[in-house]
Amino acid sequence: GQVITASIADIIANYSFKDILRKLAREKQTGVAPPSYDDNYMGYSVAAGEFTGDSEQELVAGVPRGAQNFGYVSIINSSDLTFIQNFTGEQMASYFGYTVAVSDVNNDGLDDILVGAPLFMEREFESKPKEVGQVYLYLQESAFLFQDAQILTGTEVFGRFGSAITHLGDLNQDGYNDIAIGAPFAGEDRRGKVLIYNGYSNGLNPNPSQVLSGAWASQSMPSGFGFTLRGDSDVDKNDYPDLIVGAFGAGKAVVYRARPVVTVNAHLILNPMIVNPDNKTCQLPSSQLLVACFTVRVCADFEGQSISDEIVLKGELQLDSLKQKGAVKRTLFFDYHQSHHYFSIVIERQKQLHCQDFLVYLRDETEFRDKLSPININFNYSLDESSFEDSLTVKPILNYYQKNALAEQAYILVDCGEDNLCIPDLQLSAVPDTDQLIIGEENCVMLIINPRNDGEGAYEAELHIKIPPEADYTGVERNNKALRVLSCDYKMENETRMVVCDLGNPMVAGSNFSTGIRFSVQHFENADFSINFELQIKSSNKINPTSNLVNLHINISAVAQVQIRGVSHPPTIILPLHNWEPKDEPTKEEEVGPLVEHIYELHNIGPSAINSTVLHVGWPVSSREEFLLYILHIQTHGPLHCQTSSPINTMQI
């Protein structure tokens, strides 16, 4: 391969309809390389820029099969076509140098070099490389000195990202040149894509600001949309550079006209930023109600090349925007009684700043609890394109890199000193009115709780009591004047039963009182030796929001009063028996002796049930080796099971 250069004047002067232009007298050529450089494809791509500090432009030539197929790009002296400096590819067969372009991307007055390697393979997994393509940006720091390459990598396999690169000029009028990169076989049905990258002080933004997609699906041949690119041409003379995209497979060239860029300078101002709920100076329309209010001011001006002297913005204001959907919005627009408002702002170029004021009021304190979290005010805006009259001209667009949303925060004045920051010191103690629960009794327990605040106000302060499985919440103690009656609710939180009591909003500094909360305790089926209540104060303050955690243990006891009663029939037997003689081998009961029946009764007076109870009954079996009480049988009623220490009725009478 070779690079040949000639002046435009010589080319025009030597041009002829009759002869093919083969060689010019003053043209310059790179020397013929030795055979070892065969098939390097020197000159596969070319560009020009200044890289030596001598104000003379140098040539840049791609050699995509050079350096043992790693590819390289050469900077060539334009005077004698000698080679000055090379950039070498990082991967064999990536076709590094397939395309080259020159642009001052970072606006430092020095030309930078961009190199495409459209066959670069991403080797996330060595067994499955993906051909995605890469583009390398070499920022020039000084003559002959370049930074390490900034690399842009394609995202679509076989898309051939980097097949074409062009200098666009300053699309968005931010002072930095922009670049277009072609990926001619990317996209749906291989329609092709062109990606726009905006320059900034450190190179190119890594994410494209816009992606242009081809309109022609791949048939027998792909359309190749993005295979060739030409930028920095103001086709429609609107002072913005346009882009021409070639699609050789479809036989098309597409012109993209750059839209004028509007840069809006917007402000959101709240006055005052701290709202005193007691300073009710605004009277609601058609009402006698006085409310606290403040002003939301929206101001904006604009700048931009080739834009009319007047633009219209579509604005949206959201009040208390951090509150979730369905939650009470603490502020509303004075005139609309809504937390959302849409409006238009007409801005004239001659005016330095155009402002609109909106009056906002604070709802009554009884309608919400949250006084600590900031009231977030959001302002979003967009261009009202319907305001641009001429439908034939390209309509302006907002600056892509400028946020079109602003947010400010108002605060509700709380009694927390000059910094308006409340730091409470919450303390909690509690004792039960009994130290023992007895199974079987109607156990009612009252927790006597002492919450106090030794610091500044605690907002949305609540007492949280975790109810043990054995207990049920029955209510607040109301008959003891020494105990404050709280407003409490039973709640389920993640399958945990809770009692939540309101301690005040705020629970003011110096608060110190006692309250009684009652529970019944009946469910002892799975009880251990005690039950446990967990208590804590919680608030919405950012600093010191909670109190100490209190664990109350109440012992469980089983108490049973068991009685045994007995009777003997007959109560007395006088020996010797009248007219009775024992038999050596008795077969009937009366032959053994007179019948004696003992009846024993067990009674559990309670209150607790008992189990595993054993009754021991001993009787005199014999006297002087003769039977004294001969047991014939044992009869039971109720849940009893009897065993004897020795066999009974051994004579089987």
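Residues numbered from 1 in each chain as written. Predicted model: local features only at pLDDT ≥ 70, side-chain atom pairs only at ≥ 80, totals over all residues. Heavy atoms only, no water.

**Focus on the overall build of the chain**
Right, on to step 1. Helix and strand counts for the chain stand at 3 helices and 49 strands.
Right, on to step 2. Taking 26 Å as the expected radius of gyration for a compact globule of 653 residues, we find that the chain reaches 48 Å, considerably beyond that expectation.
Right, on to step 3. Projecting the C-alpha coordinates of the chain onto the three principal axes gives extents of approximately 170 × 80 × 45 Å.
Right, on to step 4. Relative to its full complement of 653 residues, the chain shows a buried share of 40%.
Right, on to step 5. Across the chain, the fraction of contacts at a sequence separation of at least 24, relative to all contacts at a separation of at least 6, is 63%.
Right, on to step 6. About 37400 Å² of surface is accessible on the chain, with carbon and sulfur atoms providing 49% of the total.
Right, on to step 7. In the chain, the 46 positive side-chain charges and the 83 negative ones have mean positions that sit 6 Å from each other. (Helix = DSSP H or I, 4+ residues; strand = E, 2+ residues; numbered from the N terminus. Rg over C-alpha atoms; globule rule 2.2 N^0.38 Å. Buried < 20%, exposed > 50% of the residue type's maximum accessible area, 1.4 Å probe, protein only. Contact = heavy atoms within 4.5 Å. Areas by Shrake-Rupley, 256 points an atom, 1.4 Å probe, with all protein chains shown as cover. Lys, Arg positive; Asp, Glu negative; His and termini not counted. Charge placed at Lys NZ, Arg CZ, Asp CG, Glu CD.)

**A word on the sheet that holds strand β28 (residues 293-303)**
Right, on to step 1. Pairing in this open sheet of 5 strands is mixed, and the strands run β30-β32-β28-β24-β34 from one edge to the other. Either end of the sheet is taken by a strand with one partner, and the two such strands are β30 (331-333) and β34 (397-398). (Pairing = 2+ DSSP bridges.)

**What about the domain arrangement of the chain?**
Right, on to step 1. Domain boundaries assigned for the chain yield domain 1 (4-258), domain 2 (262-412), domain 3 (426-557) and domain 4 (560-652).
Right, on to step 2. When each unit is reduced to the centre of its C-alpha atoms, the spacing between domain 2 and domain 4 is 98 Å. (Domains from an automatic or database assignment.)

**Regarding the side chain of glutamate 316**
Right, on to step 1. Examined against the element boundaries, glutamate 316 turns out to sit in strand β29 (residues 310-319).
Right, on to step 2. One buried charge, glutamate 316, has no salt-bridge partner; the nearest side chain with opposite charge is lysine 329, at 10 Å.
Right, on to step 3. At 3.5 Å, the side chain of glutamate 316 forms a polar contact with the side chain of tyrosine 342.
Right, on to step 4. Non-local contacts of glutamate 316, meaning those with residues more than four positions away in its chain, are made with His340, His341, Tyr342, Phe343, Asn378, Phe379 and Asn380. (Salt bridge = Lys/Arg side-chain N within 4 Å of Asp/Glu carboxyl O. Polar contact = N/O pair within 3.5 Å; in protein donor to acceptor, adjacent residues only side chain to side chain.)

**Things to note about the state of the cysteines**
One covalent bond between the sulfur atoms of two cysteine residues makes up a disulfide.
Right, on to step 1. The full count for this structure, using the stated rule, is 3 disulfides.
Right, on to step 2. Cysteine 282 shares a disulfide with cysteine 293; S-S distance 1.8 Å. One disulfide, between cysteine 282 and cysteine 293, carries an S-S torsion of 40° and so falls in the right-handed class. Of this pair, cysteine 282 sits in strand β26 (residues 282-283) while cysteine 293 is found in strand β28, placing the two residues 11 residues apart along the sequence. (Disulfide = S-S within 2.5 Å.)

**Let's talk about the pairing of strand β31 (residues 340-348)**
Right, on to step 1. Only one face of β31 is covered, namely the one carrying His341, Phe343, Ile345 and Ile347; the face carrying His340, Tyr342, Ser344, Val346 and Glu348 has none of its residues buried.
Right, on to step 2. Strand direction decides the pairing type here: β29 and β31, joined by 9 bridges, are antiparallel. Across the sheet, residue glutamine 318 finds its bridge partner in β31, namely histidine 340.

**Some words on the sheet that holds strand β38 (residues 443-453)**
Right, on to step 1. Taking strand neighbours across the sheet as the criterion, the 4 strands line up as β36-β38-β43-β40 in an open arrangement whose pairing is antiparallel. Edge positions in the open sheet fall to β36 (426-432) and β40 (471-476), since each of these has one partner strand only. Between one strand axis and the next, the sheet turns by 30° as a mean value, whatever way the strands run. (Axes fitted to C-alpha atoms, helices over the stretch in contact; angles between N-to-C directions.)

**Thoughts on the nonpolar core**
Right, on to step 1. Val264, Val296, Ile311, Leu313, Leu317, Ile377 and Phe379 are the most contacted members of the largest nonpolar core, which totals 34 residues.
Right, on to step 2. Of all elements in the fold, only β24 (261-271), β28, β29, β31, β32 (354-362), β33 (375-383) and β35 (405-412) reach the threshold of two or more residues within this core.
Right, on to step 3. Other than its neighbours up to four places away in sequence, valine 264 contacts Ala300, Asp301, Phe302, Ile311, Leu313, Tyr381, Leu398 and Gln402.
Right, on to step 4. Counting residues in each nonpolar core, the second largest holds 33 residues, with Leu428, Val499, Phe519 and Phe524 among its members. (Core = buried A, V, L, I, M, F, W, Y, C linked by side-chain atoms within 4.5 Å.)

**Focus on the packing of aromatic side chains**
Right, on to step 1. The final tally for this structure, using the stated rule, is 19 aromatic pairs.
Right, on to step 2. Between phenylalanine 96 and tyrosine 136 the ring centres are 5.2 Å apart and the planes differ by 75°, which places this aromatic pair in the edge-to-face class. Here phenylalanine 96, found in the loop between β6 (83-88) and β7 (99-103), pairs with tyrosine 136, found in strand β11 (residues 134-138); they are 40 residues apart in sequence, far enough to count as distant. Accessibility assignment for this pair places phenylalanine 96 and tyrosine 136 in one class, buried.
Right, on to step 3. Between phenylalanine 519 and phenylalanine 533, the ring centres sit 4.9 Å apart and the planes meet at 50°, which makes this aromatic pair tilted. (Phe/Tyr/Trp six-rings, centres within 6.5 Å; stacked < 30°, edge-to-face > 60°.)

**So, the pattern of salt bridges**
Right, on to step 1. Overall, the coordinates contain 18 salt bridges when judged by the stated rule.
Right, on to step 2. In this structure, aspartate 357 engages arginine 297 in a salt bridge whose closest nitrogen and oxygen atoms are separated by 2.7 Å. One end of the pair, aspartate 357, is in strand β32; the other, arginine 297, is in strand β28, with 60 residues separating them in the sequence.
Right, on to step 3. Under the relative-accessibility criterion, aspartate 357 is labelled partly exposed at 42%.
Right, on to step 4. For arginine 297, a relative accessible area of 35% translates into the label partly exposed.
Right, on to step 5. Within the structure, one salt-bridge network assembled from shared partners comprises Asp320, Lys323, Arg330 and Asp370.

**Describing the side chain of aspartate 10**
Right, on to step 1. By the secondary structure assignment, aspartate 10 is in helix α1 (residues 8-13).
Right, on to step 2. For aspartate 10, the residues in contact, after removing those within four places along its chain, are Leu24 and Arg26.

**Digging into unusual backbone geometry**
Right, on to step 1. That bond from leucine 575 to proline 576 is cis: its omega, -5°, falls within 30 degrees of zero.
Right, on to step 2. Inspection of the secondary structure assignment puts proline 576 in the loop between β46 (560-569) and α3 (589-592).
Right, on to step 3. Of note, the bond from glycine 606 into proline 607 is cis; its omega dihedral lies within 30 degrees of zero at 5°.
Right, on to step 4. Note on placement: proline 607 falls in strand β47 (residues 597-607).
Right, on to step 5. Unlike most non-glycine residues, alanine 67 shows phi in positive territory, near 50°.
Right, on to step 6. Within the element layout of this structure, alanine 67 appears in helix α2 (residues 66-69).

**Focus on a nonpolar patch on the surface**
Right, on to step 1. Together, Val562, Ile564, Tyr600, Leu602, Ile610, Leu615 and Val617 make up a nonpolar patch on the protein surface, roughly 580 Å² of accessible area in all.
Right, on to step 2. Looking at the nonpolar patch, the elements with two or more residues in it are β46 and β47.
Right, on to step 3. If you trace the backbone, valine 562 turns up in strand β46.
Right, on to step 4. Taking relative accessible area as the criterion, valine 562 reaches 41% and is therefore assigned partly exposed. (Patch = residues over 30% accessible without salt bridge, like charges linked within 9 Å, V, L, I, M, F, W, Y side chains within 5 Å.)

**Description of the environment of serine 7**
Right, on to step 1. Within the secondary structure layout, serine 7 lies in the loop between β1 (4-5) and α1.
Right, on to step 2. Separated by 3.1 Å, the side chain of serine 7 and the backbone nitrogen of aspartate 10 make a polar contact.

**Quick notes on the environment of phenylalanine 533**
Right, on to step 1. Along the chain, the position of phenylalanine 533 falls in strand β44 (residues 530-538).
Right, on to step 2. Given the relative accessible area of 0%, phenylalanine 533 is considered buried.
Right, on to step 3. Linking phenylalanine 533 and proline 432, residues 101 residues apart in sequence, is a C-alpha distance of 9.9 Å.
Right, on to step 4. Leave out the neighbours within four places in its chain, and phenylalanine 533 touches Val445, Leu447, Ile465, Lys466, Pro468, Ala471, Phe519, Val550, Asn551, Leu552 and Ile554.

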